[in-house]
Amino acid sequence: MKILLVFSLALVGLSSVAIVASKRQVTPCWCWPGSLNILENHKPHGEGKEYASFGSYGAETDWSNPQITIPLDYKQAQGKRMFYQQCVWCHADATPAGPSNRSNVSPDPPLMNDGAILNGKSDASLHRVIALGGAAVGKSAMMPPYGMVLSDDEIDELIAYVRVIAVPEYRKSPASQKK
Amino acid sequence: MLKDQIRKAVSWLPHLMVICGAMAFAFVLWPQKRNWPEWRPSMRIPADFVESRPGILAWKEPILPAQFAQGTCGACHQEDLPQTPQLNHGRQLIVRYNCIACHRLQGIDRPEMLAPDLTNIGVKVSREWIYKWLKDPRSISDAEGNQVVDGVYLEPRMPKFQLTDVELRAISAYLITQRRKPITRSGSYRTAAGHVNEKDAEDGKTRFNQMFCVTCHALAVTRGGETKLIGGDIGPELTKVGSKVNPDWLSAWLSNPGGYLRHTGMPQYDWSQKDLHVVTQFILGQLTDPDLLKDVPKLAPPTPAEVQAGERVFREKGCAQCHVIEGVEPSNKFGPDLSALAMAGGPFVVDVKYKEGASASLHFVKSDTKELEVGVSQIPHSMITYIQRKINDPASLASEPHMPRFHMSQSDLDDVTTALLSMSGPPIKNAGNRSMVIERTHAEFHPGGRAGELFHRYKCYQCHRFDGFGGTLAPDLSYEGSRSQRDWIVDFLQNPQTLRPTLTVRMPNFNMSKEEASVLADGLIGPLRNTRVKEGIEATEFSAEMAERGKKLYEQKYACQSCHTIGSTGGYVGPSLTNVGNWLRPEWMDAWLENPQSLVPGVIEPRHSFSTDEKKDVTAYLLTLKQNPSGDFPSPLSAREGQR
């Protein structure tokens, strides 16, 4: 009985120390596991300035102005890859394989960087038209559905890419979220 | 009373401490410790691999700078991933540049042939040409005299070695004496050097173009003051080949390439004597450059001393690492082992041990030096800058480097760096025992009998892929037997066409007879099957009504014409369906409409959700699309012009 009492007292003591330590973000001794809060604020010591130019996952040339290069983050870079695989054939004026198919399709598919059209659409509505195709959202059946070819994540990455290349620039505002 | 109890408790104290310690470990520390990446920083283990962020899960944040982050993926993923184009391209470049000849690399095997066999080089070229080539392998320059850099794939693969005049003389003397086998002359036409008939050369040019030589070989073309290499990257660039080769060698080579070079990728064409003559005339008369050898000093016939010195230099400079000469074996420890290069970027020295017990030396960059001082240059202490400098200009890091100088664009250099940074240990063999990088184009698919002979004679695998092996220029034919109708294949082999409205034909016409084409078609159809395609759907199952419904589905509900052409109208994305009724087998159409990606992974055809009836209807309609033999449908080219 007494053993149990002492034991539970010791346990309570230890756990209270643990709670205090984790709240104050201190490390009582070397064997104490650091909490993640500390670690996220931790400055990496190996960070060198020489990598300043190595900082992006990819880049895309601005379609309307070849002088400008747009750095892409991870999602956008994946979106770029998907774009050049699936969409470039009809949604750009030049393709890696030669002439664009855009003129063969009517009504004209919007250029992927056409902010005047695409900035007004919400991410959700773009996602819907890519996944389900034009016919399902009351547009031309010429736009096929990609929901069974691309995963939801891939479609989101594609939208991230469309947003970053948009001219005029895409701004996420409450107004643009309306369908 | 209380004192007694305290005294008793004190006597338990050691036990208590042990128990509490165990419980603390069990409840608090152990769960944390199992999550190693979170635990490690608290132990203050240094982990400053370039830009790594200690304490954050490695896979949430890349350990490498973003631009090279794909290298991290490659540490585990041995097969190409669609998400890592940079890494995949870097791996291809590593194979293309023959890095494996000198360095040990993770997951790359040494192919049978890395560079041309030089056993018989003396009969092919002159000593002066060898001298020039060794001095600088790149000879295409634009109007201003700058060497044309037109994409790595069209440039010679041979890197530039830093050789002195004495070494150049010695190697050229050694190589020119390599004449093991005389040329076997064939045919009645004979072309002597410098005797070219202009008219024959013009005919040869036409023939050269008709045979689609440029599908594999590039030529430099100057348009509007800009020089560009145009053509394929499978064979060597040929702009100045007429100034390189011996006329007798050329005609013997064209009639039977395998007779000179056993591993060649060049098909053996069925030339007529006349064609062989005119094409030879064209190459010797028009693909030349009188100034090519103007900087080469006069070279007297080689002396025995020169030849002996040449053999020594040939070994010392590592020529034997890529080129085969009978009796000269490559060394397997010529360059440093790079198979764990990425591991060497941290503070640890990695000593790679192999089964044979040999330890390998490694390039590594110590993280406690701020700058790596080698030779005269100072580069920042980072693995990445070191690798890039070493490839681009090895002389800046060591005074007399063994390593030749490679010319590549910055983006190619970044890709190669990414691939090198993925090398994290001794070669990994994956389940199928296949290399991470598929090396030189070769076939694993060998049809038997006569079809097999034709398959190897025409080198189908140079451009087409079969079961994961072969070239990537032309369509993958792994399932050709399930896909195409036999008669169509026979016709196609005799008269290749393009099915893509925007592509020009690239398949050469091999002048196959109908009999040869049938044998080859049968040999391919038999084994090249896909089990996902249900066999036994007959064309007779489909009625005219179904075809009519299918036409409506094709044109309205699914709007297939946005990508496919029938006759003169439609899109350019997919293949033309003008003759699809003669081309595709109905069971393939059915399986394809169901799920195209399951048949050809990564194909861009969108997957629709067709009902079973709809699939049948569309198939029925497609089967009615036949081009009659007289070719009544206008060609896609004139169709395009008609639309404008």
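Look a little higher up for the structure.
This report concerns the structure included in the present document. (Residues numbered from 1 in each chain as written. Chains lettered and ligands numbered in written order. Predicted model: local features only at pLDDT ≥ 70, side-chain atom pairs only at ≥ 80, totals over all residues.)

### Re the packing of helix α4 (residues 85-96) of chain B against helix α14 (residues 410-421) of chain B
Residue and element names in this part refer to chain B. Test applied: Lines fitted to C-alpha atoms define the axes here, with helix axes fitted over just the stretch in contact, and angles between the N-to-C directions of these axes take values from 0 to 180 degrees. Strands are runs of DSSP state E lasting at least 2 residues, helices are runs of H or I lasting at least 4, and numbering of each runs from the N terminus. Roughly parallel here means an angle under 35 degrees, roughly antiparallel means over 145, roughly perpendicular means 65 to 115, and every remaining angle is called oblique. We call two residues in contact when the distance between their C-beta atoms, placed using the backbone, is within 7 Å. Gly falls in the polar group here, along with every residue not listed as nonpolar (Ala, Val, Leu, Ile, Met, Phe, Trp, Tyr, Cys, Pro) or charged (Asp, Glu, Lys, Arg).
Axis separation between α4 and α14 bottoms out at 7 Å; the angle between their running directions is 90 degrees. As judged from the angle between their axes, α4 and α14 are roughly perpendicular. Listed contacts from α14 to Q86, L87, H89, G90, R91, L93 and I94 of α4 are D412, D415, V416, T418 and A419. Tallied by class, the residues present in the contact of α4 with α14 amount to 5 nonpolar, 4 polar and 3 charged.

### Some details on unusual backbone geometry
Put simply, the rule reads: With C-beta atoms placed from the backbone, a residue is buried if 20 or more other C-beta atoms are within 10 Å of its own, exposed if 12 or fewer are, and partly exposed between those counts.
With an omega dihedral of 0 degrees, the bond running from A:S106 to A:P107 counts as a cis peptide bond. Tracing the sequence through the fold places A:P107 in the loop between β4 (98-99) and α4 (115-118). Each neighbour pair has its own omega, and for A:V167 with A:P168 the value is -5 degrees, a cis peptide bond. As for its position among the elements, A:P168 is in the segment after α6 (152-165). Notably, B:F212 is not glycine yet its phi reads approximately 55 degrees, a positive angle. Classification of B:F212 by C-beta neighbours within 10 Å gives partly exposed; the count is 18. Although it is not a glycine, B:A559 adopts a positive phi angle of roughly 45 degrees. With respect to the secondary-structure elements, B:A559 resides in the loop between α19 (544-557) and β9 (565-566).

### Digging into the pairing of strand β1 (residues 58-61) of chain A
All names here are of chain A. Convention followed: A pair of strands is treated as paired once DSSP finds two or more bridges between them.
Where burial is concerned, the two faces of β1 differ: the one with G58 and E60 is buried and the one with A59 and T61 is not. Strand direction decides the pairing type here: β1 and strand β2 (residues 69-72), joined by 4 bridges, are antiparallel. The residue of β2 that forms the bridge with E60 is I70.

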